[in-house]
Amino acid sequence: MRYVQNEEKVSLIGQNLTELQSISEQLGEKPFRGRQLYDWIYRKNIDNHNLMTNLPGDFKTKLSERYKVHPLVLLHHSESKQEPTKKFLFQTSSGHMIESVLMRVGNRSTICLSTQVGCAVDCQFCATAQMGFLKNLTSGEIVDQFSQIRSLTHEPVSNIVFMGMGEPFLNYKAVIQAADLLHQPDGINMGFGRITISTVGIVPKIRQYTAEAHRYKLAISLNGVSQEQRLEIMPISKVYPLSDLLTVAREYAAKSKKRLTIEYVLIEGLNDASEDAKTLKGLLQNIRCKLNLIPYNEIGSSFRRPSDDRINSFLTQLEDASFPVTVRRSKGTDIDAGCGQLAIKEKTIHV
Ligand code: SAH
């Protein structure tokens, strides 16, 4: 049984300036009230109508009768004992649950946002895949993860990554709208280079993203150096083969001013041999990119994380690569907040 919030008010977070202006007009106000509302919810991060001091009382009453600020309800948050990493559990108005993560490394605070409830892509190594696909999030539900985490923690956030539950490019429109709202300089004001969208490699959408010349950073999860190897862990390669993916990656990298990120999950005995590192070096040599290696986070499947020795041998092979290489040590693995560990075991709330 699914718990659905019964009074279905429309939420304000997710509406852009033009939409907030027309909401104001529909409630009998001048459009500039929409700008004031925009300022409260995005720039000042205020969610209580009563604190929106420059709005007239009857407007606030009408607003609160028909609209709510947040599309999501925060149900729970937990903190890692190993690192300054927090995981947040939210519920959508349809009763579904999603997770988001806040990680602090040095003076950088990064929020990892979910874009879908579950995921349809079925990567064999990812916990989210085990949920199956349940729903696309709206742009409001994506932005609200950020807004609520910011209110709760009061931490300045330096980066946003679309790397939580779901495949961003299978919810393309909402993801771009969300990135645009997060970017608006008169609102939340995250610079283009501080927002990264990570895709499993949905080839036509990468092409569209390149053609539309979006300026958010792009990351592609490669995870294998040959079609056969990739197919073993990522069935999506059947639809979008490695050769096509590398072609669009090259096209994007040539056109974009930002360096493309290639993510590569290192799985023991599968794609972590020194030979694989050499092949990878060749595959990427003409693509303006940086390589981010992610040692596999175990999720109870048969895959294993390579030993530090194997990771180091892989890295050694890449020492003379034409692109920078980094290793992402996932944060918050003790609370299942690491890459690929986000999954809701119970999909809906029972009442
Ligand atoms: N669907 C998107 C974004 C979500 S996953 C994508 O595929 O890019 C974010 C990153 O975590 C991806 O690079 C993915 O390959 C990686 N990942 C998934 N499961 C993992 C696991 N168990 N351990 C380490 N990284 C994992």
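The following refers to the structure shown. (Residues numbered from 1 in each chain as written. Predicted model: local features only at pLDDT ≥ 70, side-chain atom pairs only at ≥ 80, totals over all residues. Heavy atoms only, no water.)

**Comments concerning the pairing of strand β10 (residues 195-199)**
Inference 1: The buried fraction of β10 is high, at five of five residues.
Inference 2: Residues Ile 195, Ile 197 and Thr 199 point to one face of β10 and Thr 196 and Ser 198 to the other, with burial holding for every one of them.
Inference 3: Across three bridges, strand β9 (residues 159-162) lies against β10 in parallel orientation. Note that in β10 the partner of Phe 162 across the bridge is Ile 197.
Inference 4: Handedness of the β-α-β unit built from β9, helix α5 (residues 172-183) and β10 comes out right-handed.
Inference 5: Strand direction decides the pairing type here: β10 and strand β11 (residues 217-221), joined by four bridges, are parallel. Counterpart to Ser 198 in the pairing with β11 is Ala 219.
Inference 6: In terms of handedness, the path from β10 via helix α6 (residues 203-211) over to β11 forms a crossover that is right-handed. (Buried < 20%, exposed > 50% of the residue type's maximum accessible area, 1.4 Å probe, protein only. Helix = DSSP H or I, 4+ residues; strand = E, 2+ residues; numbered from the N terminus. Pairing = 2+ DSSP bridges. Right-handed = clockwise from strand over helix to strand, strands pointing away.)

**Section: the site of the ligand**
Inference 1: Around the ligand sit 19 residues, and of these Phe 125, Ser 198, Ser 221, Asn 297 and Gly 340 come closest.
Inference 2: Within the contact set of the ligand, a nitrogen atom lies 3.0 Å away from a backbone nitrogen or oxygen of Phe 125.
Inference 3: Protein chains bury 95% of the 530 Å² of accessible surface belonging to the ligand in isolation.
Inference 4: When contributions to the shell around the ligand are tallied by element, the ones reaching two or more residues are β10 and β12 (260-266).
Inference 5: When grouped by side-chain class, the residues that make up the shell around the ligand number nine nonpolar, eight polar and two charged. (Near = heavy atom within 4 Å. Polar contact = N/O pair within 3.5 Å; in protein donor to acceptor, adjacent residues only side chain to side chain. Areas by Shrake-Rupley, 256 points an atom, 1.4 Å probe, with all protein chains shown as cover. Nonpolar A, V, L, I, M, F, W, Y, C, P; charged D, E, K, R; others polar.)

**A word on the side chain of Thr 85**
Inference 1: Note that Thr 85 resides in strand β4 (residues 85-91).
Inference 2: A relative accessible area of 0% means that Thr 85 is categorised as buried.
Inference 3: Those residues within four positions of Thr 85 in sequence are excluded, and the remaining contacts are Ser 78, Glu 79, Ser 80, Val 101, Leu 102, Met 103, Lys 331, Gly 332, Ile 335 and Ala 337. (Contact = heavy atoms within 4.5 Å.)

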